[in-house]
Structure formats: structure tokens, C-alpha cells
Amino acid sequence: MEIDPLFQVNAVCVCCENTFQTSRVRPSFKQTTRRDTDFCAYYKNENPDFYVVRVCPKCGFAFTENSASKLSAEQRKRYEEKVGASSKKKEYGGKRTLDEAMETYKLALICAQVVQDKERIIASLLHHIAWLYRYAENEEQERRFVGFARDSYIRVYETEAAGPSDARLMYLIGELCRRLGEFNEAVRWFSRVIHDQRIMDAGMIRASREQWATLREDMLARKMELPSEMQES
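In what follows, the accompanying structure is described.

About the criteria used
- Each residue is numbered by its place in its chain's sequence as written, counting from 1.
- With pLDDT at 70 or above as the cut-off, local features in this predicted model cover only qualifying residues; side-chain atom pairs require 80 or more to be listed or tallied, and sums for whole chains, interfaces and linings still use all residues.
- The side-chain values count all of the structure's non-hydrogen atoms but skip hydrogen atoms and water molecules.
- For helices the rule is a DSSP run of H or I covering at least 4 residues; for strands it is a run of E covering at least 2, with both sets numbered from the N terminus onward.
- The classification of residues rests on relative accessible area computed with a 1.4 Å probe and restricted to protein chains. Under 20% of the type maximum is buried, over 50% is exposed, and intermediate values are partly exposed.
- Should any heavy atoms of two residues lie within 4.5 Å, those residues are counted as being in contact.
- Areas reported here follow the Shrake-Rupley algorithm with a probe of radius 1.4 Å; residue values treat only the protein chains shown as occluding.
- For Phe, Tyr and Trp, where Trp contributes only its six-membered ring, two rings pair if their centres lie within 6.5 Å, and the inter-plane angle classes them as stacked under 30 degrees, edge-to-face over 60, or tilted in between.

### Focus on the overall build of the protein
Phase 1 of the analysis: Of the regular secondary structure elements, the protein holds 7 helices and 6 strands.
Phase 2 of the analysis: Taken from N to C terminus, the helices and strands of the protein fall in the order β-β-β-β-β-β-α-α-α-α-α-α-α.
Phase 3 of the analysis: The 233 residues of the protein split such that 50% are buried.
Phase 4 of the analysis: Within the protein, contacts between residues separated by at least 24 positions form 58% of all contacts whose residues are at least 6 apart in sequence.
Phase 5 of the analysis: By element, 47% of the accessible surface of the protein is carried by carbon and sulfur atoms, the whole surface being about 12700 Å².

Pasting the structure below:
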């Protein structure tokens, strides 16, 4: 008998407290075939990223496990006035296509922005939308959302007192800058990870060194002037 890669879990809506079922991918089916330098993963079977967002079929609110555990009365009011009252409720509890996954992420983004969730949540949603456009091979929209995600991650860095433990965040900003062709900015962010003696995350230091070296080659190939950090290498 063939095993369904999906299974159902109960979720409680953070907005209306309705309990509903949503799908997840079984751990045994989460087989990664490769991963891009900004952590976008590709899977042999069902893509678990398609099922990160939970959408309440009763009130239409979309959220993730990392969203606020419960909305305040003011947040619920803002959602209802700006989104909920006019939204068309749709069932996303079963198997999702790429287009349906995109719908859930964009709905979650709108919800997060309306209720003013943490900037980290918004940045992650923007980045995931960029990945979905990458899966769809829509380069224009992918680049657009990579830019949105980069800006949002920078706001996280500037407003959440990011420290040495946020090496992954700094690496990500650098990598998204690199993907946008903003090479000097990318060098600056990678250099922060490489040269900050307080950073102990060996994986992110190594990744930053690799991308730093890739950048240097790209800039030399394009006959671009190297920033001072690179000129002695």
C-alpha cells in the first residue's frame, strides 16, 4: 500500500481560536536534493515549504508556527476591518499546488503586515515567496521579492538589536545583495561575518568566505573596482 506523503495535524487559529486541520509532509518524505546559497531547498518528493502557512477556513487568517501565538483584540479588529470582512474563505487543508502555496504565503504576508507582526516573520514570508517564484522560474518576480526580503532583513538587523548570534541573518543579507548585483553591499555584509571575532558560527563564517571569494571572482571578471576589503587578497 502506497503511503501518502501528507498527514493531517490540528491547528488553532491565532485570530478566532477555531480548531481546524492542515497538512504537513511526513518526515520520511523530506528528502532534499539540493539547496541554494540562500537556503532555498529542492525536494525529491512533496515540498514541505508548501505547507508552512496555516489558513483558517472560518475567518481566513493565515499564519505560521512562528507567528504570534494569539492576536490581541486590537490586532483582530484591524484584521477584520482590513482583510477578514472582504476575504473569500478558501480551504487549504489538503494537498497544495505551487499556485496554492503562493496564495497562502501572500495571504500570510498581508495578515502579518495588517496585524504588525514581528519584522522577522514578514522577512521570512517575503523570502519564501521569492523561492516560490524561483520554483516557477519567474525571474522578474523572484528578483522583486528578493529585494523586498533583503530590505526587511536589514530592518530586522537594525531594529532587533542583532548581535553575533545573528551571523545567519548577516550572511543572508549579503547573499541577497549578491543576487541583486549589489556587490559592494554584499562584500560589506559578508565581511562582518568573517571579521567579527565574537561570531562563533563556523558554518556561516565558512559560507561567507565562500561567497566572498565568489564575489571577488565575479567582480574581477566584470572589471569592477574591488572594495578595500578585497584588494589585499
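### A short note on the packing of aromatic side chains
Phase 1 of the analysis: For the structure shown, the criterion picks out 10 aromatic pairs.
Phase 2 of the analysis: Ring centres 5.0 Å apart and planes at 85° place the aromatic pair F61 and Y79 in the edge-to-face group. Residue F61 is found in the loop between β5 (54-55) and β6 (62-63), and its partner Y79 is found in helix α1 (residues 73-82); the two are separated by 18 residues along the sequence. Across this residue pair, the class does not change: F61 and Y79 are buried.

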